[in-house]
Amino acid sequence: MKSFFLGLTAVVVLLCAGCMVGPDYSKPSVPMTAAYKEDHGWKLAQPRDDIPRGKWWEIFGDPQLNALEEQVSVANQNVKVAEAHFRQARALIGFARAGLFPTVTAGASAASVRNGSISPFGTFPGTSPGGASTGEFLLTGDISYEIDLWGRIRRSVTAAREEAQATAADLETAILSLQAELAFDYLELRSADAQQRLLNDTVQAFKDALQLTINRFEGGAAPKSDVAQAQTQLETTQVQATDIAVQRAAFEHAIAVLIGKPPAEFSLQPAPLDLQPPNIPAGLPSELLERRPDIAAAERRVAEANEQIGIAKAAYFPTVTLNALLGFENNSIRNLGGGRSFLWAVGSSLAQTIFDGGRRQATSEAALANYDATVATYREATLDAFQQVEDNLAALRILEQETQQQERAVVSARESLQLFTNRYKGGVDNYLQVITAQTVALANERNQVDIMRRRMDASVLLVKALGGGWHVDELPQVLAGRLHEFAVVSAFRHRSILRHSLGRRFDDARIAFPILNSNFFYLS
């Protein structure tokens with residue numbers, strides 16, 4: 001009978017080997033257009049206009065910015081949080097893969113059995129009558145293995161790998177967001193420096209104008225009101241110049257935190273913004289799906305949700321478990337290893353849930369609903385990415401036109417100020433005309449600086465919207481033929497942070513870093 005049952009189990013295993021219930025994964029479709037609405041060829045891409053893979057900030061050509069950006073991926077605490085979440089997800093792959101292997105346990109026990117001198121039930125087997133005691137020693141090893149007939153365990157492993165890939169993409173998203181935030185704050189700070197220089201120069205010019213009105217008043221050529229107006233104009237501009245320091249301090253403090261330093265230990269010397277927006281080719285909308293790590297993370301979670309549907313469906317099918325027991329049993333520890341003490345048992349079990357009060361049905365419905373939610377999240381992430389690219393393409397195109405208009409306005413305002421100043425010196429106009437011309441000229445010059453700030457900010461946001469040179473090929477991949485099949489594949493620029501964080505804990509799996517020529521660097 002036992003041979004028949006074991007044979008039947010073997011037949012079932014052979015017939016069902018490779019079976020996997022549940023849907024196969026197919027990447028969901030997303031709304032797509034052939035080209036961006038706002039990309040009207042307002043700038044022709046040059047051979048060197050591609051965003052550098054990794055160090056995208058180098059397109060701005062600022063050595064100070066380059067030095068600061070290098071510190072974000074190593075010292076920023078939010079990056080370390082995201083990197084720790086990735087390592088956690090990677091460790092859970094090993095947890096899921098453990099289900100593909102047998103569970104082996106060992107046990108030992110020792111007991112002393114004594115029968116009563118008068119017992120209506122007789123004596124226990126292997127013991128002496130009349131109140132004598134005897135020992136019982138047992139040493140066993142047990143092997144238990146669940147046959148993954150319906151793919152529950154294999155789907156769990158796949159889902160864990162896909163979650164680890166999504167978490168790796170989350171890490172890339174966090175790094176890109178923080179790098180873009182640092183670039184944004186840095187350019188805002190340099191813009192504040194440019195505003196400060198402009199206002200300081202204007203304050204000096206207004207001091208000279210005040211002295212002119214004083215000289216004319218003392219000479220009887222101008223009324224006291226001209227001096228009062230000039231004094232008011234000077235003090236108002238000094239207030240604006242002082243107020244710039246508040247903005248600059250806030251951006252300096254933000255940069256310090258982004259590179260992992262207390263604000264008290266960090267400072268930047270003033271250096272007015274003197275950069276031009278770089279040429280940034282947007283490419284095609286279809287390419288954006290492979291260039292944004294947040295979209296890649298959303299897509300990987302759709303794949304993970306698909307595996308959960310199969311896992312829920314596998315619960316409707318029976319589980320088959322193989323068990324084996326080997327050991328020794330004797331009433332004397334000296335004879336425990338003898339041939340007559342050897343015992344063994346081999347068997348299998350098949351279990352099927354008949355009634356669970358609707359638990360499996362609820363789990364399946366929840367898995368389907370979660371899949372629908374992840375698909376919607378994936379599509380929304382794609383639409384948001386398209387919007388961000390369109391917004392910043394439009395901003396750059398419109399602001400470039402606005403720059404040309406503003407340059408002409410500044411030239412006209414300066415010419416007007418010079419004319420009214422000369423007419424005032426000649427006694428033709430009163431000082432109110434000069435005050436008005438000064439106010440208009442300063443407003444146009446400040447707006448010129450502000451437009452340049454907005455153009456640089458839009459350039460940073462466009463690079464971020466395009467993925468910062470990242471590509472989906474940089475997601476962690478499965479390296480076949482290893483005990484740990486999942487290996488980290490990341491950009492070469494992140495080798496230092498992963499070496500620092502992972503150390504020797506993943507020596508057997510190694511860390512692979514592809515660069516543009518497809519070579520691999522392994523960390524041991």
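Source: prediction; values computed, not measured.

Thresholds applied
- Residues numbered from 1 in each chain as written.
- Predicted model: local features only at pLDDT ≥ 70, side-chain atom pairs only at ≥ 80, totals over all residues.
- Heavy atoms only, no water.
- Core = buried A, V, L, I, M, F, W, Y, C linked by side-chain atoms within 4.5 Å.
- Buried < 20%, exposed > 50% of the residue type's maximum accessible area, 1.4 Å probe, protein only.
- Helix = DSSP H or I, 4+ residues; strand = E, 2+ residues; numbered from the N terminus.
- Contact = heavy atoms within 4.5 Å.
- Polar contact = N/O pair within 3.5 Å; in protein donor to acceptor, adjacent residues only side chain to side chain.
- pLDDT = per-residue confidence, 0-100.
- Phe/Tyr/Trp six-rings, centres within 6.5 Å; stacked < 30°, edge-to-face > 60°.
- Lys NZ or Arg CZ within 6 Å of the ring centre and 35° of its normal.

A short note on the nonpolar core
Ranked by internal contacts, the top residues of the largest apolar core, which has 65 residues, are Tyr36, Trp56, Leu68 and Val389. Listing elements by their share of this core, those giving two or more residues are helix H2 (63–75), helix H3 (77–97), helix H4 (152–218), helix H5 (224–258), helix H7 (293–314), helix H8 (359–425) and helix H9 (431–465). A per-element tally of this core places H4 first, with 15 residues. Once residues within four sequence positions are removed from consideration, Tyr36 is found in contact with Ala282, Gly283, Leu284, Pro285, Leu288, Phe386, Val389, Glu390, Leu393 and Leu466. Of all hydrophobic cores here, the second largest spans twelve residues; its members include Val203, Ala209, Leu234 and Ile435.

Quick word on the environment of Thr173
Relative to the assigned elements, Thr173 resides in helix H4. Other than its neighbours up to four places away in sequence, Thr173 contacts Pro293 and Asp294. For Thr173, the side chain forms a polar contact with the main-chain nitrogen of Asp294, separated by 3.2 Å.

What about the confidence of the model for the protein?
Low-pLDDT portions of the prediction should not be read for the details of their coordinates. With 81% of its residues at a pLDDT of 70 or more, the protein shows a mean pLDDT of 84. Every residue in residues 42–49 is under pLDDT 50, and counting partners more than four places away or in other chains gives 14 contacts. Between residues 480–524, whose pLDDT stays under 50, and residues either more than four places distant or in other chains, the model counts 101 contacts.

Observations regarding the packing of aromatic side chains
Each aromatic ring pair is summarised here by two numbers: the centre-to-centre distance and the angle between the ring planes. This structure, assessed with the given rule, holds four aromatic pairs. Taken together, a centroid distance of 4.8 Å and an interplanar angle of 35 degrees make the contact between Trp150 and Phe317 tilted. A residue pair is termed long-range when its members are at least 10 positions apart, and Trp150 in the loop between strand E2 (133–147) and H4 and Phe317 in the loop between H7 and strand E3 (319–330) qualify at 167 residues. Phe317 gets classed as partly exposed once you look at its relative accessible area, which sits at 29%. Over the aromatic face of Tyr424 sits the side chain of Arg216, whose NZ or CZ is 4.5 Å from the ring centroid. Above the plane of the ring of Phe217 lies Lys224, whose end atom (NZ or CZ) is 5.3 Å from the centre.

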